[in-house]
Amino acid sequence: MREGGPRRGRVPTNGPTTGVSGHRAISDVVGYVLVVSLVISVVGVVSVAGFSSLEDARYAEQAANAERAFDVLADNVGDVYADGAPSRGTEISLSDASLRTTGSVTVNVTARDTSTGDNFTLEKTAQPIVWRGERDTELVYTLGATLRAESDGGVVIEGTPSRYDTDRAVFRVVQTRAPPTQFGGTTVRVRAVHASSNVLLSEPTDRYDEIWLNVTTPRAAIWAQHLERYPNTVCSVGVVPGESTETVSCEFTDRDAVHVTLTRIDVEIEN
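Residues numbered from 1 in each chain as written. Predicted model: local features only at pLDDT ≥ 70, side-chain atom pairs only at ≥ 80, totals over all residues. Heavy atoms only, no water.

1. Some remarks on the pattern of salt bridges
Working step 1: What the rule picks out here adds up to 15 salt bridges.
Working step 2: Arginine 88 is the partner of aspartate 79 in a salt bridge, and the nearest nitrogen-oxygen pair spans 3.4 Å.
Working step 3: For arginine 88, a relative accessible area of 33% translates into the label partly exposed.
Working step 4: Between glutamate 150 and arginine 148 there is a salt bridge, and its shortest N-O distance comes to 3.3 Å.
Working step 5: A cluster of three or more residues bridged by salt bridges with shared partners is formed by Arg100, Arg132, Asp136, Glu138 and Arg219. (Salt bridge = Lys/Arg side-chain N within 4 Å of Asp/Glu carboxyl O. Buried < 20%, exposed > 50% of the residue type's maximum accessible area, 1.4 Å probe, protein only.)

The following block contains the structure:
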C-alpha cells in the first residue's frame, strides 16, 4: 500500500477549451475589425469631402480668372470707344469653358417732349461677348458693361460708360457687332476695332420731359437691379411674347439735359 494521499488524475475533456488566451484573441480580432472599419469610414468621408472641396476651389478659380480677363477686355474696349484707339486685342483662356457671340441685345433710348409731340429715338442691336463656364456661370460684355450671371441671379460688375446724374442723362451706347461664333477649350484673341462714333443728341435744356431706356435681353432682371439704383429712376421688367428674352424699361425723371452718343465696335474672335 502506497503512502500518501490519493493522486489527482486529469479530468478528460470532450471539446475545446476557451481560456484567457482565447478571449484575448477574440478581443484582438474584434478590435482590429473596428479599427479597420473606422479607418475605411474616415478615409471615405475625407475623400468625398476633399474631392468636393477641390472641385469647388477649381471652379471658383476658373470663374475668378475669367472675371479678371473680362476686366482687361472691358479696359481694352474702353480704350477704343473713349480714348480713340483704333483697335485693341485681349487674350482669353477657355479651359473647360466657351466663348460665343451668338446672342443679341437690343437697346432703345427715347426722349419725348409731351408739349409739342417731338420725339428722339435710337434703337440698336448689339452682339454681347459671353463666356460660359461650369455650373452655368456666365460673364457677359454687353453695351459697354460687364455682367456676371448665375442660375440664382447675377450682378453688374462694371456698369456702362453712361451717366445718369440727378440733373442730366448721358447715354453712351456701345454697339458691339460680331458674326455668330463660338469657341471652347482653347485660348482665343478678342479684337475690338473702332468703326464709327457719333453724337446723336445733345440737348442741354429741359426740353424733353420724358426720357426712357429700354434693354431687351435674357438678363433683364440684372439690368433692372443695376439701373434702378440711380436717383429718380424707375424700372420695370416685362416678358417679350414668344421670346426667351425680357425687356427692362427705365424712366429717368427730373433731368434738365439729355445727351446720346453711339460708338460702333466690330469684334473679331480668333484662336
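Back to the text.
2. Some points on the state of the cysteines
Working step 1: Per the stated rule, a full pass over the model turns up one disulfide.
Working step 2: Covalently, cysteine 235 is tied to cysteine 250 through a disulfide, its sulfur atoms 2.0 Å apart. One disulfide, between cysteine 235 and cysteine 250, carries an S-S torsion of 110° and so falls in the right-handed class. One end of the pair, cysteine 235, is in strand E14 (residues 233-239); the other, cysteine 250, is in strand E15 (residues 246-252), and 15 residues separate them in sequence. Both residues of the pair, cysteine 235 and cysteine 250, belong to the buried class. (Disulfide = S-S within 2.5 Å. Helix = DSSP H or I, 4+ residues; strand = E, 2+ residues; numbered from the N terminus.)

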